[in-house]
Amino acid sequence: GNAYSTPTPFTDEGRDLLVLLNGSGLAVVDRTQGNQIAFHEWLNESKIHSTTPLVINDQIFVSSNNGCALLRLNGNALEPQWENKVMHNRHTDSVLWKEHLYGFDKAILKCIDLEGNEVWRQRGLGRGSLSLAGGRLMIVTADGELIIAEATPQKFTELSRRTELAKDRFIFTQPVLSHGLLYCRSSQGEMACLDCR
């Protein structure tokens, strides 16, 4: 199968490892030896994964078209802590802030806890993308609007909204903040830079 997932480096019990999501599942590879030490089958209908696993201490969060799971690396085994359908990341990864995950479940922005429970949901944003900086979510909606919101489990709290980005363009790439400048790129290759200083 195909995958667009980026390998994620991490360290476990002194071992330098990589976790990656390929077309058939989640693999943990020893970076020094180059061999696979653990694997968890993770299939979906399209056999394509576009998201990157998120390492949370000794656990790994994975989400794609077929749902989400939290797995723990125990020696040379990946042990599922839970698996459900509460989050389906498609083109953009979830982000972690203070024991909660924020991400797009298809076209619904959600906050879930690390036990896999939905905390809140926000409709009306389409299949957007998001990133995190300073406890705030930087969200680009399917309509090309930029929303800044608090990363809080209490409720969805929008702080500001700007509409300078391109309309009717899919925004699959996550917004990137660098030195107070926020960069967003559409699927058509259009780039926008907003000054947030």
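Predicted model only: the values in this text are computed from it and were never measured.

What counts as what
Residues numbered from 1 in each chain as written. Predicted model: local features only at pLDDT ≥ 70, side-chain atom pairs only at ≥ 80, totals over all residues. Heavy atoms only, no water. Pairing = 2+ DSSP bridges. Helix = DSSP H or I, 4+ residues; strand = E, 2+ residues; numbered from the N terminus. Axes fitted to C-alpha atoms, helices over the stretch in contact; angles between N-to-C directions. Phe/Tyr/Trp six-rings, centres within 6.5 Å; stacked < 30°, edge-to-face > 60°. Buried < 20%, exposed > 50% of the residue type's maximum accessible area, 1.4 Å probe, protein only. Core = buried A, V, L, I, M, F, W, Y, C linked by side-chain atoms within 4.5 Å. Contact = heavy atoms within 4.5 Å. Patch = residues over 30% accessible without salt bridge, like charges linked within 9 Å, V, L, I, M, F, W, Y side chains within 5 Å. Areas by Shrake-Rupley, 256 points an atom, 1.4 Å probe, with all protein chains shown as cover. Salt bridge = Lys/Arg side-chain N within 4 Å of Asp/Glu carboxyl O.

Draft legend 1. Molecular detail of the sheet that holds strand β3 (residues 15–21). Strands sit in the order β2-β3-β4-β5 across an open sheet of four strands; the sheet is antiparallel. Both edges of this open sheet fall to β2 (8–12) and β5 (36–41), since each of them pairs with a single strand only. With strand direction ignored, the average angle separating the axes of adjacent strands in the sheet is 25°. By the bridge criterion, five bridges tie β3 to strand β4 (residues 25–30) in an arrangement that is antiparallel. Pairing of Leu17 across the sheet is with Asp30, part of β4.

Draft legend 2. Here's a closer look at the packing of aromatic side chains. As enumerated under the stated definition, the model contains three aromatic pairs in all. With a centroid separation of 6.3 Å and 50° between ring planes, the pair formed by Phe61 and Trp82 is classed as tilted. Linking Phe61 in strand β8 (residues 59–64) with Trp82 in strand β10 (residues 77–84), this pair joins segments that are 21 residues apart in sequence. Classification of Trp82 by relative accessible area gives buried; the value is 13%. Consider the rings of Trp120 and Phe156, whose centres lie 5.7 Å apart with planes at 65°: the pair is edge-to-face.

Draft legend 3. Looking closely at the nonpolar core. With 15 residues, the main nonpolar core has Phe10, Leu26, Val28, Ile60, Val62, Leu73 and Leu78 as its most contacted residues. Looking at this core, the elements with two or more residues in it are β3, β4, β5, β8 and β9 (67–74). Contacts of Leu78, omitting those with residues within four sequence positions, involve Leu26, Val28, Ala38, Phe39, His40, Ile60, Leu71, Arg72 and Leu73. Of all hydrophobic cores here, the second largest spans 14 residues; its members include Leu109, Leu125, Ile139 and Ala149.

Draft legend 4. Summary view of the sheet that holds strand β15 (residues 129–133). Strand order in this open sheet of four strands is β15-β16-β17-β18, and the pairing throughout is antiparallel. Each edge of the open sheet carries a strand with a single partner, namely β15 and β18 (157–162). Across the sheet, the axes of successive neighbouring strands diverge by a mean angle of 20°, strand direction being ignored. The pairing of strand β17 (residues 146–150) with β18 spans five bridges and is antiparallel. Within β18, the position partnered with Ile147 by the bridge is Arg161.

Draft legend 5. Quick peek at unusual backbone geometry. Phi angles above zero are rare outside glycine, and Asn57 is one such case at about 60°. Inspection of the secondary structure puts Asn57 in the loop between β7 (54–56) and β8. If you check the backbone angles, Glu99 has positive phi at about 70° while not being a glycine. Mapped onto the elements of the fold, Glu99 is located in the loop between β11 (95–97) and β12 (100–105).

Draft legend 6. Molecular detail of a nonpolar patch on the surface. Where nonpolar side chains cluster on the molecular surface, the patch consists of Val176, Tyr183 and Met191 and spans about 290 Å² of accessible area. Inspection of the secondary structure assignment puts Val176 in strand β19 (residues 176–178).

Draft legend 7. The pairing of β8, seen in detail. Of all six residues that make up β8, six are buried, and the element is covered over most of its length. A two-sided burial pattern is seen for β8, the buried positions comprising Gln59, Phe61 and Ser63 on one face and Ile60, Val62 and Ser64 on the other. From the end of β8 to the start of β9, which pair antiparallel, there are two residues.

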